[in-house]
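If you want the building blocks of each chain, they are given just below.
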Amino acid sequence: MSVSPRVSVVMLAFGDEAFLGSAVEAVLASVGVDVDLVLVDNGCTSDAVRTLPGDPRLLVVTPEENLGFAGGVNHGARSARGDWLALVNSDAEVAPDALARLVTVASRPGVGIASGSIRLASDPSTMNSAGNPLHVVGLSWAGGLGEPASSHAVEADVASASGAGLVLSRDLWQQLGGFADEYFAYHEDVDLSWRTWQAGLRVVYVPDAVVVHHYEFSRNALKMYLLEKNRQVFLRTAYGRRLRAATWIPVTALDVAMSVVARAQGWSAEKRRAHTWLRENSDWIRARRAHIQSTRRVGDRDLLHLLTANLDQQVFPLPRGAGVLQGAMRAYWAVARRLV
């Protein structure tokens, strides 16, 4: 008799958690794997955690404070006992065979992370994420958002896995050091995926590993602060020297444009706060950069195929005439990438 793969799922609970019960139930109903679930109560404000049915496969851990997504997952992963580590959002339901399908792909030689087919709960035939693209300036977004799932029915390498539903070996997680707590939330999945590629392993989108996600796109002051801070952290630590130089012009242009947008949308204070954090934590940034660049096995030249010079206008609405800027960006990158 074959032995099912042992998978530890880490899930975070924060806020009201209207879908937590369904998310936990779906994970524990997984087939083809020997599953356990580490639930990190990161500040649940309802009785969603307390009223979960008892199950010996469910372990609830409660840190002393809200650690954010990055720190919360790190906290939960320390209690994981499976050979495989899965991340599943608390507002997402995995299909019964999703984890098994993700493990099958993640266990192939040369593969590091397997990312699920994340579908919109409002219409499961529509994509939430088919893996997340990465723009040369460090922006990332839900790939294929709003597109038919039938258009994303083929397995493919992707720049970044979606943290809503992914699997990697626990050994690889430990080798990479998990997430950086300093990210708190947003962009940590991009960072982990890029470092996986730098380690010489692929990140693969798995179309038949379906995860239904109660996704709501939102913007608020804290999110804008974290997005701005974390994009800069990623660029300053993950890109090699030549790639940093090749992207300096568009990154600088974006910073100027973001300042204008921040003033127009009323979050200039959050942008200033992000750059204050970067200045105050410059020693940590330098140390993290030195570690990442010294441990990588693959150079940036071999990773250029993962980057895009196109912004998804559905996710990033651009002003009239922005098509000219998109064209200029593509033309610039076609030349600049040769310098990496």
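Each remark here, short or long, concerns the structure printed above.
Residues numbered from 1 in each chain as written. Predicted model: local features only at pLDDT ≥ 70, side-chain atom pairs only at ≥ 80, totals over all residues. Heavy atoms only, no water.

Turning to the nonpolar core, a few remarks are in order. Ranked by size, the top nonpolar core spans 68 residues in total, and within it Trp194, Leu307 and Trp333 carry the most contacts. The dominant element in this core, judged by the number of residues it contributes, is helix α6 (residues 221-238), at 7 residues. Within the second largest apolar cluster, 43 residues are counted, among which are Val9, Val94, Val105 and Val211. (Core = buried A, V, L, I, M, F, W, Y, C linked by side-chain atoms within 4.5 Å. Buried < 20%, exposed > 50% of the residue type's maximum accessible area, 1.4 Å probe, protein only. Helix = DSSP H or I, 4+ residues; strand = E, 2+ residues; numbered from the N terminus.)

All right, on to the packing of helix α9 (residues 268-280) against helix α10 (residues 282-295) then. As a packed pair, α9 and α10 sit with axes 4 Å apart at the nearest point and diverge in direction by 70°. In terms of their interaxial angle, α9 and α10 are classed as roughly perpendicular. Listed contacts from α10 to Trp277, Leu278, Arg279 and Glu280 of α9 are Ser282, Trp284 and Ile285. (Axes fitted to C-alpha atoms, helices over the stretch in contact; angles between N-to-C directions. Parallel < 35°, antiparallel > 145°, perpendicular 65-115°, else oblique. Contact = heavy atoms within 4.5 Å.)

This paragraph deals with the environment of Arg57. With respect to the secondary-structure elements, Arg57 resides in the loop between β2 (34-44) and β3 (58-61). Spatially, the C-alpha atom of Arg57 lies 35 Å from that of Ile292, the residues being 235 residues apart in sequence. The residues contacting Arg57, other than those within four sequence positions of it, are Leu28, Val35, Asp36 and Leu37. A distance of 2.9 Å separates a polar side-chain atom of Arg57 from the backbone oxygen of Leu28. (Polar contact = N/O pair within 3.5 Å; in protein donor to acceptor, adjacent residues only side chain to side chain.)

Glancing now at the pattern of salt bridges. Going through the model one piece at a time under the given rule, you end up with 12 salt bridges. Notably, a salt bridge pairs Arg202 with Asp157, separated by 2.8 Å at the nearest N-O pair. Here Arg202 is found in strand β11 (residues 202-213), whereas its partner Asp157 is found in strand β9 (residues 156-157), with 45 residues between them in sequence. Judged by its relative accessible area of 29%, Arg202 is partly exposed. With relative accessibility at 38%, the residue Asp157 sits in the partly exposed group. A salt bridge links Asp191 to Arg288, with the shortest nitrogen-to-oxygen separation between them at 2.9 Å. Of this pair, Asp191 sits in helix α5 (residues 188-198) while Arg288 sits in helix α10; the two residues are 97 residues apart in sequence, bridging distant segments of the chain. No difference in accessibility class separates Asp191 from Arg288, as the two residues are buried. (Salt bridge = Lys/Arg side-chain N within 4 Å of Asp/Glu carboxyl O.)

All right, on to helix α8 (residues 248-265) then. Spanning 18 residues, α8 covers 25 Å between terminal C-alpha atoms, matching the ideal 26 Å at 1.5 Å per step. Every buried residue of α8 is accounted for by Pro250, Val251, Leu254, Asp255, Met258 and Ala262. Projected down its long axis, α8 shows its buried positions confined to an angular sector of 140°, all on one face. Those residues of α8 that are exposed and angled more than 90 degrees off the buried face are Val256, Arg263 and Ala264. Of the residues one or two after α8, Gly266 is the one with positive phi, at around 85°. (Expected span 1.5 Å × (residues − 1). Arc of directions from axis to C-beta.)

A few words now on unusual backbone geometry. For Phe184, which is not glycine, the phi dihedral falls at a positive 65°. You can see Phe184 is positioned in the loop between α4 (170-176) and α5. Assessed through its relative accessible area of 28%, Phe184 is described here as partly exposed. Of note, Tyr186 is a non-glycine position whose phi angle comes to about 80°, a positive value. With respect to the helices, strands and loops of the structure, Tyr186 is situated in the loop between α4 and α5. By relative accessible area, which is 32% here, Tyr186 ends up partly exposed.

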